[in-house]
Amino acid sequence: MRGFDTILVVDWSAAEGVRRAERDSIWIGAVRDGMAEKPRPMPTRREAETWLADRIGSEIAAGRRVMAAFDFPFGYPAGFAEAVTGASDPLRLWDWLAERIEDDARGRNNRFEVAADLNRLFPGTGPFWGKPHRDRFPDIPYHGRSRDGHGMAEKRACEVASGASSSVWQLFFNPTVGSQALMGLPMLSRLRRIEGLAVWPFEPVDDAPAVLAEIWPGLIEQAVRGREGIRDMQQVARLAWAFSRLSTAELTDMMDVDAPEEGWILGAGHGPRLTELAMTAPDPMADPPPAARAPLEPPPLSNDCFALPPGVHWTPVDEALDLLRARLSPVAGRETVPAVGADGRILAADAVARRANPPGANSAVDGYGFAHEATGAGPQHLPLIAGRAAAGAPLAGAVPRGQAVRILTGALIPEGVDTVVLEEDTRTDGTAIAFNGPVKRGANTRRAGEDVDAGAVLLPAGHALRPADLALLAATGVAEVEVFRRLRVGVLSTGDELGAPGVDPDPAVTYDANRPMLLALAARWGHEPVDLGHCADDRDALRAVLDGAGTDVIVTSGGASAGDEDHVSALLGETGSLAAWRIALKPGRPLALGIWKGRPVFGVPGNPVAAFTCALIFARPALSLLAGGGWRAPLAMTVPAGFAKRKKAGRREFLRARLRDGRAEVFASEGSGRISGLAWAEGFVELPDGPAEIAPGDPVRFLPYAGFGL
Ligand code: AMP
Ligand code: MG
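Within an unreviewed UniProt entry, the label attached to the chain reads Molybdopterin molybdenumtransferase, and the organism entered is Palleronia sediminis. Comment text from UniProt for the chain, heading Cofactor (unreviewed entry), reads "Mg(2+)".

Written out as structure tokens, the structure is:
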């Protein structure tokens, strides 16, 4: 089964009238291409139905697979459909209800009349119960306990399995699930007219471009309880998020049920997993402002090009990073290479010492060696034996007790010696030495293996080798290492306006600044940069380049948003793998991620300042994971600000900065067109997602370029 690009979650309502207050509204949550939308309140069922039909239709038209999930039962306990329609097919029952339920534009409806009709089809009293007035609708008992002999089970198997306490027979008093189903199933019956739509679990859904499913917010109660804001809004936002975050395998598993008549709650039995994911949903109460209701009105003017468009959720930086971290794994193969020259390579297996360091006990200084037990406190006199012990030229034979031997740094400790006195602490005439005792036993000697034992793990798999590591490998006899093959990183620039740097007089030509920068970054990070050149804004040309790239990963710049000329995101969209992230980040914003023929593609923005920032913040750790080097967070330090600045909530900001006199100073202009600021800077000041007011001297986070491996 293919995964869903768009998840809609609807909190239905059976209430009468137009719900002006948002807390009484029907709430719809949506996540598209991994992006949460601000939940929408709908004042009437009619408006909600129209919106849903439009949205499902437009998603299908755009080639996005959509699941619309509703919080009321799609079926009734076994036997009910047949008793009403003569067939056990629940979809026939939907149509039966659609023919009878009336619901006007003001939300007035005849559900109690229809329920009374239904009750008359059954013997005894019930099964429907609950009503606003004791005296009206005599075929509907006021209390549930007054029912008798109707022959229907109280709950469906899925309600029993998931511990849901509500009953589909209950029409009044909370929870009014029974009324919601009576008022919801006719709507679903009408939505079924949309071509390609299938109802889970009654129809095969694997190939359907749109799927309707039943859900139950009770499954994620832990993720909703105690949250600020309207409960229904939290439920739909978090459920939509949770379902959008499931892997296709998990979703396929959840959809694999056998419930041809009663239906099933999607995710029943998987509450903890859904709850875990629902906890990570962006807070629907947070910025941006509530969804605009009139889509055709022009957007409010703003002099801030990063203003958050209404109704769209931005992916916070940390969340985007968490996602990358969770989804990516090493793709590079392995090879064995000489340790000499392996600087920068990433170990694919632990490097293990082949020999101890030091391999034998030796002297740490130039001096004289002897047996400690023959010495004591006060002036000491020891005759010298002939010969000496030097590094690489050990003494042949032993040193007799009570005598000393000349010994040099690094020399193996001769037999009969356990202590060395420093040359500077002695006097000698060439035949004997004198020094002041006592000397500590073992002084100035190094034990065999005191640094590293043979067989010890020197460096773990995933470690990127540095010059010092090469010394350790060599010292312990490791001549070859198993490393990941270098990640081949293709770098491609896109845009009709781009040209090669030169002296082109045409000011409409933009010199391609990103390609040299991104190629150099890839090289600095230890990957193998592959120059894929420059491609015009032409979808077929771009497709051909991506097809022919042959690299492990492709980094493109430009065309990553959702505009007419944004062919990178459009092409990735065709594969169904596009995650078009709008990251709450300045400078930055669009990041188009996708898989092209099995290879990850990172589309960074075209603006060089944004491209650089996104490359450092997102591409560096992601490429490191793909290359086998694990996740890499940049080095950060807290330093006093050398500037003043005020920022609003809603996005993280990276200011071009450098340290002078222990303070972080920032580039005079924050304009994202100022490439000179990138070169002026020696790092970033990172300002938090929330609002901030910074005065000179306040602590700020400084991220030196060096901490990004530059
Ligand atoms: P885009 O992301 O394609 O909409 O491009 C945003 C801005 O960045 C436009 O002004 C482009 O001309 C500019 N741009 C795109 N790619 C490059 C590049 N490789 N070098 C310099 N500027 C670029
Ligand atoms: Mg462009």
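Participant: For this particular structure, what's the right way to read the overall build of the chain?
Facilitator: On a plain count of helices and strands, the chain comes out with 17 helices and 34 strands. The C-alpha atoms of the chain give 36 Å as radius of gyration, which overshoots the globular expectation for 710 residues (27 Å, by more than 25%). With the C-alpha coordinates aligned to their principal axes, the bounding extent of the chain is approximately 125 × 75 × 50 Å. Within the span of the chain, comprising 710 residues, buried residues form 52% of the whole. Look at the contacts in the chain between residues 6 or more apart in sequence, and 69% of them connect residues 24 or more apart. Taking the average place of the 76 positive charges on the side chains of the chain and the average place of its 90 negative ones, the gap between the two points comes to 3 Å.

Participant: Explanation requested: unusual backbone geometry in the structure shown.
Facilitator: Backbone phi values are negative for most residues with the exception of glycine, while trans is the configuration of most peptide bonds. In this chain, G126 is followed by P127 through a cis amide linkage whose omega measures 10°. Cis peptide bonds are those with omega within 30 degrees of zero, and the linkage from K586 to P587 qualifies with -5°. Of note, P587 is situated in the loop between β25 (579–586) and β26 (590–596). Its identity is not glycine, yet F137 carries a phi of approximately 50°, on the positive side. Looking at the element boundaries, F137 is found in the loop between α4 (111–120) and α5 (157–162). Judged by its relative accessible area of 15%, F137 falls in the buried class. The backbone of N444 sits at a positive phi, close to 60°, despite the residue not being glycine. On the secondary structure map, N444 appears in the loop between β16 (432–437) and β17 (445–446).

Participant: Just to check I follow, could you spell out the site of ligand 1 for this structure?
Facilitator: Around ligand 1 sit 15 residues in total, of which E497, D512, A513, G559 and G606 are the nearest. At 2.8 Å, a side-chain N or O of D512 approaches a nitrogen atom of ligand 1. Contact between ligand 1 and N607: an oxygen atom at 3.0 Å from a main-chain N or O atom of the residue. For ligand 1, whose accessible area on its own is 490 Å², the fraction buried by protein is 71%. Breaking the shell around ligand 1 down by element, the ones donating at least two residues are β20 (488–494) and β22 (510–511). In terms of residue class, the shell around ligand 1 is made up of four nonpolar, nine polar and two charged.

Participant: I would appreciate a short explanation of the pairing of strand β31 (residues 663–666) in the present structure.
Facilitator: Residues in a regular strand project their side chains so that they alternate between the two faces of the sheet. Looking at chain direction, strand β30 (residues 652–660) and β31 are connected through four bridges and run antiparallel. Of the residues in β31, the one forming a bridge with A657 is V666. In this structure, the hairpin formed by β30 and β31 is closed by a connection of two residues, where D661 is found at a positive phi of approximately 50°.

Participant: Help me out: how do you make sense of a negative patch on the surface in this one?
Facilitator: Together, D496, E497, D538, D564 and E565 line one region of the surface with negative charge. Among the secondary structure elements, D496 is positioned in the loop between β20 and β21 (498–499).

Participant: Got a minute to help me understand the sheet that holds strand β2 (residues 26–32) in this structure?
Facilitator: The strands making up a sheet associate through hydrogen bonds between their backbones, and the pairing can be parallel or antiparallel. Read across the open sheet, the six strands follow the order β3-β2-β1-β4-β6-β5; overall the sheet is mixed. Each end of this open sheet is capped by a strand with a single partner; those strands are β3 (35–42) and β5 (197–199). The average angle at which neighbouring strand axes cross in this sheet is 20°, direction not considered. Bridge count between strand β1 (residues 6–11) and β2: six bridges; the pairing is antiparallel. Residue pairing for β2: T6 is matched across the bridge by R32. Together, β1, β2, β3, β4 (66–70), β5 and β6 (210–214) form the strand contacts of helix α1 (residues 45–61), whose direction differs from that of β2 by roughly 15°.

Participant: Would you mind going over the domain arrangement of the chain with me for this structure?
Facilitator: Frequently, the measure chosen for interface size is the accessible area that the parts lose on association. Each assigned domain of the chain is listed with its residue range as follows: domain 1 (6–73 + 189–289), domain 2 (107–186), domain 3 (317–329 + 486–626), domain 4 (334–356 + 454–482), domain 5 (362–446) and domain 6 (637–708). One C-alpha centre belongs to domain 1, the other to domain 2, and the line joining them spans 24 Å. Contact with domain 1, which involves 20 residues of that partner, is made by 21 residues of domain 2. Taken over both partners, the interface formed by domain 1 and domain 2 buries close to 1800 Å², and the fraction arising from carbon and sulfur atoms is 56%. The largest contributions to the domain 1 side of the interface with domain 2 come from A14, P73 and E262, which together make up 31% of the buried area. Scanning the region where domain 1 abuts domain 2 turns up two salt bridges. We note a salt bridge from E16 to R111, for which the minimum N-O separation is 3.1 Å.

Here is what the cut-offs are and how they apply
- Residues numbered from 1 in each chain as written.
- Chains lettered and ligands numbered in written order.
- Predicted model: local features only at pLDDT ≥ 70, side-chain atom pairs only at ≥ 80, totals over all residues.
- Heavy atoms only, no water.
- UniProt positions renumbered as here; feature names shortened; annotations may be inferred.
- Helix = DSSP H or I, 4+ residues; strand = E, 2+ residues; numbered from the N terminus.
- Rg over C-alpha atoms; globule rule 2.2 N^0.38 Å.
- Buried < 20%, exposed > 50% of the residue type's maximum accessible area, 1.4 Å probe, protein only.
- Contact = heavy atoms within 4.5 Å.
- Lys, Arg positive; Asp, Glu negative; His and termini not counted.
- Charge placed at Lys NZ, Arg CZ, Asp CG, Glu CD.
- Near = heavy atom within 4 Å.
- Polar contact = N/O pair within 3.5 Å; in protein donor to acceptor, adjacent residues only side chain to side chain.
- Areas by Shrake-Rupley, 256 points an atom, 1.4 Å probe, with all protein chains shown as cover.
- Nonpolar A, V, L, I, M, F, W, Y, C, P; charged D, E, K, R; others polar.
- Pairing = 2+ DSSP bridges.
- Patch = residues over 30% accessible without salt bridge, like charges linked within 9 Å, V, L, I, M, F, W, Y side chains within 5 Å.
- Salt bridge = Lys/Arg side-chain N within 4 Å of Asp/Glu carboxyl O.
- Axes fitted to C-alpha atoms, helices over the stretch in contact; angles between N-to-C directions.
- Domains from an automatic or database assignment.
- Buried area = accessible area lost by both parts, 1.4 Å probe.

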